[in-house]
Structures are given as C-alpha cells and as structure tokens.
Amino acid sequence: MLYLAWRNVARRLGQSAVTAIIIAVVTCVVAASAVAVVSLEHSVSLSRERLGADVMVLPVGASSSASEVLFTAQPVNVYLPDATGAAVARAGGVAQATPQFFTQTVNESCCSVVGITRIVGIDAATDFVLKPWVRGGAAIDLGPDGILVGAKAPAIEGDQVSILGSVFHVAGTLEETGTSMDETIFMDLQSARSIASGSPYLAGLWEDKDPFSCVSCIMVKTETGADAAQVAEAIMASCPGTVAVVASEVVAGASSQLSAVEALCAALLGALVVVAALALTGRFSALVSSRMAEWGLMRTLGVGMRGVLASVLCEVALVALTGALAGVVGAVLAATAALGIVHGALALPGAAPSFGAIAACALAGVAFALALSMLAVAYPVAKVVRCDPQETLAKGGL
C-alpha cells in the first residue's frame, strides 16, 4: 500500500509538490513562531531569576535605556560623574554598588572577536554582577590588558584579541545568560575609558566632559529584606540628576512586551491556519475528484473500503510529511533570524534555544501538519465512502 501511494505521488508530482509547499509554509511559520516564543519566554525567566543587580542607576532621562542595558548589546552612551558611585553606595538600603562604563559598538574592522558587539568597563574590585557567571568560578583579575568575553564569542586562538589597535588577553569567559552580557567584552574601567577617549566615534561626547571622570551605570545590590523600589527612591533623593530603575520592573516590562508579541502571533497564526485548511481542502477535493474512477475500479476488483482509504491516507501522509520536514528545517533557520530581530528591535532578552526546545517544536510542527492534512482530506474522502463502487465509477467517468 505504501508503494502504491508513493507511485501515485510520483505520477502526479506537480500537484503533489504544490500541496507539499502549502504544508511546508504553514509548518515553517508555526514551528518557527513556537521556537522563537519558547526561547524568549525562557530568556525572560532566566533574566528574572538570575539578575545580579536589584537596581540600575542611570543619568536622568535615560530610564528608557534600561532594557537595552539588560537585554541587548546596543551601545548606550550615557554618562554620570564618577563621584555618583560613592553617593549611591552611601544611600540607605544599598549593600553593594559597582560602576560600569559603556564605550561603543564594535565590529570586525576594529575587533577581532566575532559575535561581540559592545565593550563595557567594570571595576573588578567591587563587581558582583559578573562574578557568578565566570566559567570555572575563577576570580576576576583583569589588569590593564585583561578582558572577559561573553558566551557568544567563539574560541579565541592564543587567548589574545585586538580591539581598536590594542592587544588584550582573555582572562576568562562568561556562561550564557540570555542577556546583553553574552555579546559583550568586559575590561578594566580605566582601559575602557582609554578606548572611549581615543575613539573617533565618541569624540563629540567628550567636548564637555572627561571620560576618565565618568561612569555610565551603577549596578546596585540591595540589603537583605530591603524593598528595591524604596531603595531606588532613596538613591534618587540623595543623587540629583540620576534615575534609579528597579531591575525586576524592567523584566516585568519585557514579559509584558512578550505577551503582546505572543497575542499578535496567535492571531496571525490562527488566520494562516484557516486559510491553509481551506486551501488544502480544495487541493484534496480536486485530488479525490480526479481519482474517483481509480478508486471505483479498485473496489469493483475486490479491494475493500478500508484498502481504498488506506491508499488515500497513505498518499496524503507522504505529501504532508515531506512538506512538514521541509518546513521544520526552514523553521529552525527562520527562528534564529527572528530571535535576533526581536531581540534588537523590542529590547527583549534572547538566548539561543536549546536542542530539546527545537526538537519539541519540530515534532509539534510535524504533528500539526499531519493533523491539518488529515482534517482537510476528511470531507472529500467522506463523499467517497458514501458512494457504492458503481456510483464511484460513474462519477469518475467510467
């Protein structure tokens, strides 16, 4: 029966290909959307559970950049006076405070590390954000020419990289976090300031300020039991010109954005499924009409209705499975691209989906394609079942 179904597909290759393409497109969109949403939800969950800072202190007016600081590696060139760090550390409810200095975006023309797009300076002596993520649990010891690289950086030959003409050695690598840390190079605060001061892209920023007396952001860990919102208010009261953003609220905002994206995807997918079901029903109705004589003859020669149905369903399953497999391959490629677009455009966290998540979504996509195909073929096949062999032959033109 399987051989007969395969021969029927091969004899009507053009029609089978059109049907398979419809199924492939629907499967690709459904599976890709599933992979992207599952990955984004996982990243938001990771960010909620593993954020090292409870409060981020930025220059006033820069609160909208908080999600970019946490979730994307886009350059955020905002600066505060260096003395702000000490003032923040003295605020009530603050257990630890560490400054960070943002420089510029980097590319292959100025940095030899592929997959890294931002440079951030840190104070290794006070840092508490990166320490839990250093592979092997090693202490952070950067010095003037040491760097920590994010998880998206490939293996670096010789543990040396060139950044804007200066050579740095890799002092450590970070575990994957699902946040901007994965696409960032971290170096000593003074080294980052030196790079920024000599960068032609940032020259306009230093006309009225000195990079060596600036910081971009102060990460704050609150005391045990302290309310982060109240600590943020205390910081803003004691440090004029700053805005203190509670990190958990940024994650909640990302979660809200993700819910909106999911709702939009669900609406679009629902419309696509309806259109695809109608298109497939039309395709399978045409298939049934063109095969009435063949099936009537099979029944006249003694093949039972079950045999005819098995032949039809086998043929549909072969076409659907071919389209579904092509669709899930496209879905994996599309999901990777979609994650990057959503990650950058909406400032949502985005980590590469796990193999298990991809496999589950792929299997769900294949199952969906088979179920949709069987549902679409049910109505035209039901008409054949109700006919006796002679009527089937007559409708087939014999």
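Now for a look at the structure at hand. Quick caveat, the model's predicted, so the values are computed rather than measured. (Residues numbered from 1 in each chain as written. Predicted model: local features only at pLDDT ≥ 70, side-chain atom pairs only at ≥ 80, totals over all residues. Heavy atoms only, no water.)

On to the overall build of the chain, then. Secondary structure summary: the chain contains 10 helices and 11 strands in total. For the chain, the residues scored as buried account for 47% of the 398 residues in total. Partitioning the contacts of the chain with sequence separation of at least 6, the portion at a separation of at least 24 is 79%. (Helix = DSSP H or I, 4+ residues; strand = E, 2+ residues; numbered from the N terminus. Buried < 20%, exposed > 50% of the residue type's maximum accessible area, 1.4 Å probe, protein only. Contact = heavy atoms within 4.5 Å.)

Right, let's get into the nonpolar core. Of all hydrophobic cores here, the largest spans 24 residues; its most connected members are Leu130, Leu148, Leu174 and Phe186. Taken together, the elements giving at least two residues each to this core come down to strand E1 (55–59), strand E4 (118–122), strand E10 (217–222) and strand E11 (242–246). If sequence neighbours within four positions are ignored, phenylalanine 186 has contacts with Val120, Ile122, Leu130, Leu142, Gly146, Ile147, Leu148, Leu174 and Met181. (Core = buried A, V, L, I, M, F, W, Y, C linked by side-chain atoms within 4.5 Å.)

Taken together, the side chains of Ile21, Val25 and Val29 present a nonpolar region at the surface, about 240 Å² in accessible area. Within the secondary structure, valine 25 is located in helix H2 (residues 13–50). (Patch = residues over 30% accessible without salt bridge, like charges linked within 9 Å, V, L, I, M, F, W, Y side chains within 5 Å. Areas by Shrake-Rupley, 256 points an atom, 1.4 Å probe, with all protein chains shown as cover. Salt bridge = Lys/Arg side-chain N within 4 Å of Asp/Glu carboxyl O.)

Turning our eyes to something else, we now look at the side chain of threonine 27. Locating threonine 27 in the fold gives a position in helix H2. Apart from residues no more than four positions distant in its own chain, threonine 27 is found in contact with Ala324, Gly327, Val328, Gly365, Val366 and Ala369.

Our focus in this paragraph is the pattern of salt bridges. On inspection of all chains with the given rule, the structure shows two salt bridges. Residue arginine 193 pairs with aspartate 82 through a salt bridge whose shortest N-O separation is 3.5 Å. Here arginine 193, found in helix H5 (residues 189–198), pairs with aspartate 82, found in the loop between strand E2 (80–81) and helix H4 (84–90); they are 111 residues apart in sequence, far enough to count as distant. For arginine 193, a relative accessible area of 3% puts it in the buried group.

Note: α-helices contain 3.6 residues per turn, so residues at a spacing of three or four share the same orientation. Listed in full, the buried residues belonging to H5 are Leu189, Ser191, Ala192, Arg193, Ile195 and Ala196. Between a side-chain oxygen at the N-terminus of H5 and the backbone nitrogen of glutamine 190 the separation is 3.0 Å; the capping residue is aspartate 188. (Polar contact = N/O pair within 3.5 Å; in protein donor to acceptor, adjacent residues only side chain to side chain.)

Further remarks concern the pairing of strand E6 (residues 160–163). Residues Val161 and Ile163 line the buried face of E6, whereas the alternating positions Gln160 and Ser162 sit on a face that is not buried. With four bridges connecting them, E6 and strand E7 (residues 166–173) associate as antiparallel partners. What sits directly across from glutamine 160, in E7, is histidine 169. Between the antiparallel neighbours E6 and E7 lie two residues, among them leucine 164 with a positive phi of about 50°. (Pairing = 2+ DSSP bridges.)

A word on the environment of threonine 222. Along the chain, threonine 222 falls in strand E10. With 10 residues separating them along the chain, threonine 222 and alanine 232 place their C-alpha atoms 9.4 Å apart. Excluding residues that lie within four positions of it along the chain, threonine 222 makes contacts with Asp54, Val55, Gly93, Ala95, Ala228 and Val231.

Neither face of strand E5 (residues 146–149) is open: one carries Gly146 and Leu148, the other Ile147 and Val149, and all of them are buried. Here E5 runs beside E7; their pairing, made up of four bridges, is parallel. Residue glycine 146 lies in a different strand from E7, and its bridge partner there is histidine 169. Pairing between E5 and strand E8 (residues 184–188): three bridges, direction antiparallel. Within E8, the residue paired with isoleucine 147 across the bridge is methionine 187.

This paragraph deals with the environment of alanine 324. Mapped onto the fold, alanine 324 is located in helix H8 (residues 305–345). Under the relative-accessibility criterion, alanine 324 is labelled buried at 0%. Residues within four places of alanine 324 in sequence aside, it is in contact with Ile23, Thr27, Val366 and Ala369.

When we look at burial in helix H6 (residues 228–238), the residues that qualify are Ala228, Val231, Ala232 and Ile235. Buried positions in H6, seen along its axis, are confined to an arc of 100° and lie on one side of it. Facing away from the buried surface of H6 by more than 90 degrees, the exposed residues are Gln230, Glu233 and Ala237. Taking the backbone nitrogen of alanine 229 as reference, a side-chain oxygen 3.1 Å away marks aspartate 227 as the first, capping residue of H6. (Arc of directions from axis to C-beta.)

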